[in-house]
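Overview (structure and organization)
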Amino acid sequence: MKRREFNGKTLRIGIDLGGTKILGALVDDDGHAVATRQLPTFAKKEHPEKEILQTISTIVQDLIIRAEKEDRTPIEIGIASAGIIDPRTRTIRYAQSLSVKDFSIGEHVEKALQMPVRLCNDTDAAAMAEWQKKSRKRDRFMYVSVGTGIGAGIVMEEKIMQGAGELGHMTVNPKGQICSCGNYGCLKHYASGPAMEEKVRTKGGKYKKMAMPEIVELAEKGDVWCQNVLKEGARYLGLALVNSIHLLALKEIVIGGGVLQKGDYFFSQVEAYVKRFTMSYMAEGITMKPARFEAELGAVGAACSIR
């Protein structure tokens, strides 16, 4: 399929496919979103695939119109989705948040819109977006998302390591609780948002129904119980990151996701653990930073991943 061009000026379209919303962005060669369009996902349990395809089609068509008003023409589409992804066949093998299984989304979107389409994991897309926007692009880069679950995107030699990054299923406690993956003691059960919420609520009283934003806020204000729970989660995440550094010789780690949106306490605890337990010669030159939390991060990464 030929690329669509207009006066030598090109853009790519990135789609961030989430369980509640679908965000599209026109992305330039510098990794900047020059226009965005967002709609609710409307993924009904009966026919979620049809609803998703219709919503993506509407967003893409709106973005094409927007681009052509500026004498620019999108040439490709990148789609970032949560779940188990097969980039080769452009199929979402399973995504609980979308209620889909074996959904060949790439083929369907390409047929409907007559543009080349690629599919990637949403955390991989966020990693590529974070890496792409850096003025000093360092190799051996990892983006970690800590939210409902825990995932990682790894950039090596300017490319995403496809199929890697299941950080949430790294064993951090061999005698820990069983996970849905069949393993025991997976990181997600100790350092994800739901895991830390569950631990805080065991104290009862005012903590009984407490959600992550309030937990983080109280920890920032000095609440000892909330601080202790976040410290424990940070230690487990820090352990996973130290192991990753020792295995991959990482040079930069960026941590994002919902857990970090309300304050710096959790990040500072993770950073302190990593600095303490990383081998000294491997720790030299490593940088750790919180993510920027740009709303279009996933969509930008989806567009960047198709270069």
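Residues numbered from 1 in each chain as written. Predicted model: local features only at pLDDT ≥ 70, side-chain atom pairs only at ≥ 80, totals over all residues. Heavy atoms only, no water.

1. Re the packing of aromatic side chains
All told, the structure shown has two aromatic pairs when counted by the stated rule. Seen in terms of ring centroids, Tyr190 and Tyr236 are 4.6 Å apart; in terms of plane orientation they differ by 35°. Their pairing is tilted. Highlighted residues: Tyr190 in helix α4 (residues 188-191) and Tyr236 in helix α7 (residues 224-248), separated in sequence by 46 residues. In terms of burial, Tyr190 and Tyr236 fall into one category: buried. Between Tyr273 and Phe277, the ring centres sit 4.4 Å apart and the planes meet at 35°, which makes this aromatic pair tilted. Placement of both Tyr273 and Phe277 in helix α8 (residues 265-277) is noted, with a separation of four residues, approximately one turn of the helix. Take Phe277: its relative accessible area is 38%, and that puts it in the partly exposed class. Against the face of Trp225 rests Lys203, its NZ or CZ located 5.1 Å from the ring centre. (Phe/Tyr/Trp six-rings, centres within 6.5 Å; stacked < 30°, edge-to-face > 60°. Helix = DSSP H or I, 4+ residues; strand = E, 2+ residues; numbered from the N terminus. Buried < 20%, exposed > 50% of the residue type's maximum accessible area, 1.4 Å probe, protein only. Lys NZ or Arg CZ within 6 Å of the ring centre and 35° of its normal.)

2. Focus on the side chain of Thr123
In this structure, Thr123 sits in helix α3 (residues 122-132). For Thr123, a relative accessible area of 11% translates into the label buried. In this view, Thr123 contacts Tyr143, Ser145, Gly151, Ala152 and Gly153; residues no more than four positions away in its chain are not counted. (Contact = heavy atoms within 4.5 Å.)

3. Side note on the sheet that holds strand β7 (residues 100-103)
The strand order across the open sheet formed by three strands is β5-β6-β7, and the pairing between neighbours is antiparallel. Of all strands in the sheet, those with a lone pairing partner are β5 (84-86) and β7, marking the two edges. For this sheet, the mean angle separating the axes of adjacent strands, direction not counted, is 15°. (Pairing = 2+ DSSP bridges. Axes fitted to C-alpha atoms, helices over the stretch in contact; angles between N-to-C directions.)

4. Re the nonpolar core
The biggest cluster of nonpolar side chains holds 45 residues, and the ones touching the most others in it are Val144, Leu237, Leu241, Ile255 and Phe266. Broken down by secondary-structure element, the contributors of at least two residues to this core are β9 (141-146), β10 (150-156), α4, α5 (193-201), α6 (212-220), α7, β12 (252-256) and α8. Among the elements that take part in this core, α7 stands out by supplying eleven residues, more than any other. Those residues in contact with Leu241 that sit more than four places away from it in its chain are Met142, Val144, Leu167, Ile253, Ile255, Val270, Val274 and Met288. Of all hydrophobic cores here, the second largest spans 28 residues; its members include Ala35, Ile85, Ile92 and Ile105. (Core = buried A, V, L, I, M, F, W, Y, C linked by side-chain atoms within 4.5 Å.)

5. Details of the side chain of Asp223
Tracing the backbone through its elements, the reader meets Asp223 in the loop between α6 and α7. A relative accessible area of 12% means that Asp223 is categorised as buried. Beyond its immediate sequence surroundings of up to four residues, Asp223 is in contact with Lys206, Tyr207 and Leu218.

6. Let's talk about the sheet that holds strand β13 (residues 287-290)
Taken together, the five strands give an open sheet; going across it, the order is β11-β10-β9-β12-β13, and neighbouring strands pair in mixed fashion. Looking at strand neighbours, the two that pair on one side only are β11 (159-160) and β13, the edges of this open sheet. Pairing geometry for β12 and β13, over four bridges, is parallel. Its bridge partner lying in β13, Glu252 is registered against Thr287. Running at roughly 170° to β13, α8 makes contact with β9, β12 and β13 of the sheet.

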